[in-house]
Amino acid sequence: MSARRDPRPGLQLIPLASVAPQRWRNGGGATRELFTWPAGAADWQLRISVAAIERDGPFSPYPGVERWFAVVDGAGVALRFAGDERLLDGASAPLRFDGELAPGCRLLRGATRDLNLMLRHGAGAATMQRAQPDVEWRCAAPLRALFCAEALALQIGDADALTLAAGTLAVDTD
């Protein structure tokens, strides 16, 4: 029997429930900021958050920021961009768009919970994709993150598998 090592030392687990929601100024929802880089910086370069959208309304504009958006809970949304409407639900690929565009948002059948990745222009490269159960994911990026909408077992290399509760962000900087 071979020994298994502890999980990566650069791995952070951030439960959604451990982060207080911040209400939006327009009253349409709340955001939980799970991770920023640099950590805690008001002028973050990268930001990962989960938003609870409770009613129809516009997104806030983020000039100079690339955004990725994915529905993680609820029936979905319709995002309106200057004459174009995109329907997104829990099976849709994450949508990448310019943060300055601030699309209008219409809920399809009630509130949703959505994962957001924001990257300031010039801060590097980022992407968002949906992980597939039992499909190995490899990434050589210096910072990798996984948000689990449902509980799952996370296996990293030869370390013991970690059981992650639903609503946990795992960030690996090793």
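Given the structure is predicted, the values throughout are model-derived calculations rather than measurements. (Residues numbered from 1 in each chain as written. Predicted model: local features only at pLDDT ≥ 70, side-chain atom pairs only at ≥ 80, totals over all residues. Heavy atoms only, no water.)

## Examining the side chain of Thr112
Now for step 1: Mapped onto the elements of the fold, Thr112 is located in strand E11 (residues 112-120).
Now for step 2: Judged by its relative accessible area of 4%, Thr112 is buried.
Now for step 3: Within the local environment of Thr112, its side chain forms a polar contact with the side chain of Asp114, the two groups lying 2.7 Å apart.
Now for step 4: Apart from the residues lying within four places of it in its own chain, the contact partners of Thr112 are Ala51, Ala52, Ile53, Asp73, Gly74, Ala75, Gly76, Val77 and Leu107. (Helix = DSSP H or I, 4+ residues; strand = E, 2+ residues; numbered from the N terminus. Buried < 20%, exposed > 50% of the residue type's maximum accessible area, 1.4 Å probe, protein only. Polar contact = N/O pair within 3.5 Å; in protein donor to acceptor, adjacent residues only side chain to side chain. Contact = heavy atoms within 4.5 Å.)

## Quick word on the pattern of salt bridges
Now for step 1: Taken as a whole, this structure holds six salt bridges when the rule is applied.
Now for step 2: Among the ionic pairs, Arg47 bridges to Glu33, the shortest N-O distance being 2.8 Å. Of this pair, Arg47 sits in strand E4 (residues 46-53) while Glu33 sits in strand E3 (residues 29-37), and the two are 14 residues apart along the sequence.
Now for step 3: We classify Arg47 as buried; its relative accessible area is 7%.
Now for step 4: Close ionic contact of Arg96 with Glu66 constitutes a salt bridge, the shortest N to O distance being 2.4 Å. In this pair, Arg96 is assigned in strand E9 (residues 95-98) and Glu66 in strand E6 (residues 65-73), connecting sequence segments 30 residues apart. (Salt bridge = Lys/Arg side-chain N within 4 Å of Asp/Glu carboxyl O.)

## Examining the sheet that holds strand E1 (residues 11-15)
Now for step 1: Strand order across the open sheet formed by three strands is E1-E15-E12, with antiparallel pairing between neighbours. A strand with exactly one partner marks an edge of an open sheet, and here the two such strands are E1 and strand E12 (144-148). Neighbour-to-neighbour, the strand axes of this sheet turn through a mean angle of 15°, independent of strand direction.
Now for step 2: Here five bridges tie E1 to strand E15 (residues 168-172), and the two strands are oriented antiparallel to one another. When the sheet's bridge partners are listed, Leu11 is paired in E15 with Asp172. (Pairing = 2+ DSSP bridges. Axes fitted to C-alpha atoms, helices over the stretch in contact; angles between N-to-C directions.)

## So, the sheet that holds E3
Now for step 1: The sheet built from six strands is open, its strands ordered E2-E3-E4-E11-E6-E9 with antiparallel pairing. On the outer flanks of this sheet lie strand E2 (22-23) and E9, each paired with one strand and no other.

## Thoughts on the state of the cysteines
Think of a disulfide as a covalent bridge from one cysteine sulfur atom to another cysteine sulfur atom.
Now for step 1: Counted under the stated rule, the structure contains zero disulfides.
Now for step 2: A disulfide-free cysteine, Cys139 has its sulfur positioned 17 Å from the sulfur of Cys148, the nearest such atom.
Now for step 3: What makes Cys139 partly exposed here is its relative accessible area of 35%. (Disulfide = S-S within 2.5 Å.)

## Describing the packing of aromatic side chains
Now for step 1: Counted according to the given criterion, the structure contains four aromatic pairs.
Now for step 2: Look at Phe59 and Phe69: their rings are 5.5 Å apart centre to centre, the planes differ by 50°, and that puts the pair in the tilted class. Taken together, the positions of Phe59 in the loop between strand E5 (57-58) and E6 and Phe69 in strand E6 put the pair ten residues apart, joining distant regions of the chain.
Now for step 3: With relative accessibility at 1%, the residue Phe69 sits in the buried group.
Now for step 4: Centroid distance Phe81 to Phe97: 5.2 Å. Interplanar angle 65°. Geometry classified as edge-to-face. Taken together, the positions of Phe81 in strand E7 (residues 77-81) and Phe97 in strand E9 put the pair 16 residues apart, joining distant regions of the chain. (Phe/Tyr/Trp six-rings, centres within 6.5 Å; stacked < 30°, edge-to-face > 60°.)

## Observations concerning the nonpolar core
Now for step 1: Counting residues in each nonpolar core, the largest one holds 18 residues, and the members touching the most others are Ile14, Leu34, Phe35, Leu115, Phe147 and Leu169.
Now for step 2: Each residue touching Ile14, except ones within four places of it in the same chain, is listed here: Val19, Leu34, Phe35, Gly167, Thr168, Leu169 and Val171.
Now for step 3: Counting twelve residues, the second largest nonpolar core, distinct from the first, contains Leu79, Phe81, Leu95 and Cys105. (Core = buried A, V, L, I, M, F, W, Y, C linked by side-chain atoms within 4.5 Å.)

## Describing the confidence of the model for the protein
Now for step 1: Chain-level statistics for the protein give a pLDDT mean of 90 and a share of 95% at 70 or above.
Now for step 2: The model gives residues 1-6 a pLDDT under 50, and that stretch makes nine contacts with residues more than four places away or in other chains. (pLDDT = per-residue confidence, 0-100.)

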